[in-house]
Amino acid sequence: MPTSRELPALTTEARPVLDPSPLRELRASAPVCRVRTPAGDEAWLVTRHAEVKKLLHDERLGRSHPSPGTAPRYVKNSLLDLLVADDPQVAREAHARTRALFTPNFSAKRIRALRPRIEELATDLVEDFAARERPVDLHAYFSSPFSLRILCELIGVPDEDRERCAALLAGMGRIDTGQSMVTGPKALFGLLAGVSARKRAEPGDDVISRMCEAGIPDDHAGSLAAVLLFAGLESVATHIDLGVVLLSAHPEQRDAVLRDPALLTGTVEEVLRSAKRSGATLPRYASEDIEIAGVTIHAGELVLLDFALANFDEQAFSEPELFDVARSPNQHLTFGHGIWHCVGAPLARVELSTAFTTLFSRLPGLRPAVPLDELRTRGGELVGGLAELPVTW
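In this report, the structure presented in the accompanying data block is examined. (Residues numbered from 1 in each chain as written. Predicted model: local features only at pLDDT ≥ 70, side-chain atom pairs only at ≥ 80, totals over all residues. Heavy atoms only, no water.)

The topology assignment puts Cys 33 in strand β1 (residues 32-36). We classify Cys 33 as buried; its relative accessible area is 8%. Ignoring any residue separated from it by four or fewer positions in sequence, one finds Cys 33 in contact with Leu 26, Ala 43, Trp 44 and Leu 45. (Helix = DSSP H or I, 4+ residues; strand = E, 2+ residues; numbered from the N terminus. Buried < 20%, exposed > 50% of the residue type's maximum accessible area, 1.4 Å probe, protein only. Contact = heavy atoms within 4.5 Å.)

What follows is about the pattern of salt bridges. Overall, the coordinates contain 22 salt bridges when judged by the stated rule. Linking Glu 301 and Arg 34 is a salt bridge whose minimum nitrogen-to-oxygen distance equals 3.8 Å. Residue Glu 301 is found in the loop between β7 (295-297) and β8 (302-306), and its partner Arg 34 is found in strand β1; the two are separated by 267 residues along the sequence. With relative accessibility at 16%, the residue Arg 34 sits in the buried group. Here Lys 199 makes a salt bridge to Asp 206, at a shortest N to O gap of 2.9 Å. Each member of the pair Lys 199 and Asp 206 is classed as buried. A single network of salt bridges, built from pairs that share partners, joins Arg 34, Arg 36, Glu 42 and Glu 301. (Salt bridge = Lys/Arg side-chain N within 4 Å of Asp/Glu carboxyl O.)

Another point: the nonpolar core. Ranked by internal contacts, the top residues of the largest apolar core, which has 95 residues, are Leu 45, Phe 102, Phe 142, Phe 146, Leu 192, Met 211 and Leu 229. Examining the composition of this core, we find that 15 residues originate from one element, helix α10 (residues 218-249), more than from any other. Leave out the neighbours within four places in its chain, and Met 211 touches Leu 101, Phe 102, Ile 216, Ala 221, Leu 224 and Ala 225. Membership of the second largest hydrophobic core comes to 21 residues, among which are Leu 55, Ala 280, Ala 308 and Leu 333. (Core = buried A, V, L, I, M, F, W, Y, C linked by side-chain atoms within 4.5 Å.)

Counted residue by residue, β8 has five buried out of five residues, so it is predominantly covered. Where burial is concerned, the two faces of β8 agree: the one with Leu 302, Leu 304 and Asp 306 and the one with Val 303 and Leu 305 are both buried. Strand direction decides the pairing type here: strand β2 (residues 42-46) and β8, joined by three bridges, are parallel. In the strand pairing of β8, Leu 45 is matched with Leu 304. Bridge count between strand β5 (residues 281-286) and β8: five bridges; the pairing is antiparallel. Bridge pairing in β8 links Arg 284 to Val 303. (Pairing = 2+ DSSP bridges.)

This part covers the sheet that holds β1. Strand pairing in a sheet relies on backbone hydrogen bonds. The paired strands run either parallel or antiparallel. Strand order in this open sheet of five strands is β1-β2-β8-β5-β3, and the pairing throughout is mixed. In the strand order of this sheet, the two ends are held by β1 and β3 (61-62), each with one partner. Pairing of β3 with β5, which is carried by two bridges, proceeds in the antiparallel orientation. Bridge assignment links Leu 61 to a residue of β5, and that residue is Ala 286. Seen against the sheet, helix α2 (residues 49-56) touches β1, β2, β3, β5 and β8 and runs at an angle of roughly 125° to β8. (Axes fitted to C-alpha atoms, helices over the stretch in contact; angles between N-to-C directions.)

Spelled out as structure tokens, the structure:
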């Protein structure tokens, strides 16, 4: 066992977007190993698909720690800190209630009903995008506004609040120790609590209105809506960006999808699996001792489930470094699994399929305007996507 000084160190620094994770060799030698986090604390990193999947089903792993103020941290981010409870049973019950509340709002049936509106938004945005002088930043003028508009409509954030909401969300993903990291989430919670108060008087067909109908207080509705927005906004935008990069790097597969729409479902799943090669880490705490892969994770210790490493596990995927839109089966863990499966998965899949179809149908020559090796992830952020993606066609 290495000493603390010799532990592999995790980083959130910028890196080439299509490079494999520098920690990939740990899968073979140490599927569950001690590491040092970007915050400077020690943790267990879980790198292999089988172990990540098993722990996602384990109720002894969750968001609680007996001393949240002194708990080991993955990164210094106040939003993550706010999500840590001090009682595992209370945390489990709160998680179950939240899932039960949100699942109907993000059901496959509801999202299918929203598809025409999602397609309309994509068409409007791509027409505005196509009229701009090239090269154009795909992230700023398509991926991010597309994701934001859809989420805000579904959740119930009115037009007049969206610009402020987006600005506050942008700050919440940063890894920082400054005062803005403390005040940013509270400001967003307050803004959305105000939306909830207005929805209570004039409800609409949206998530916040349904929370009001369920008797959720405004302050709690505001914090829940903020977490939904944070979880969904940049994640979808990042996968649109990186999906365009991957499909541009494999034009024969991109063209095959355009010829045969039946390949679109598999394309979305392969983008979800392979777009995030680093930075897809879920921090959790053990509420009891857990034996796994020959090690003992003790109660109170931090556990990092690395979806990016698990999605490239040779034991779970044939030739995982190969991008293949026809890959089957494709049991990636990008949306988590079990009790931690993302309730927004149906929405994200429709957003991605609509974005790729609209972009490449309208702009069949769409491609990055810079060499792929010049594209680097954002450093110092929870979501390690691209800060910008200049494209041409």
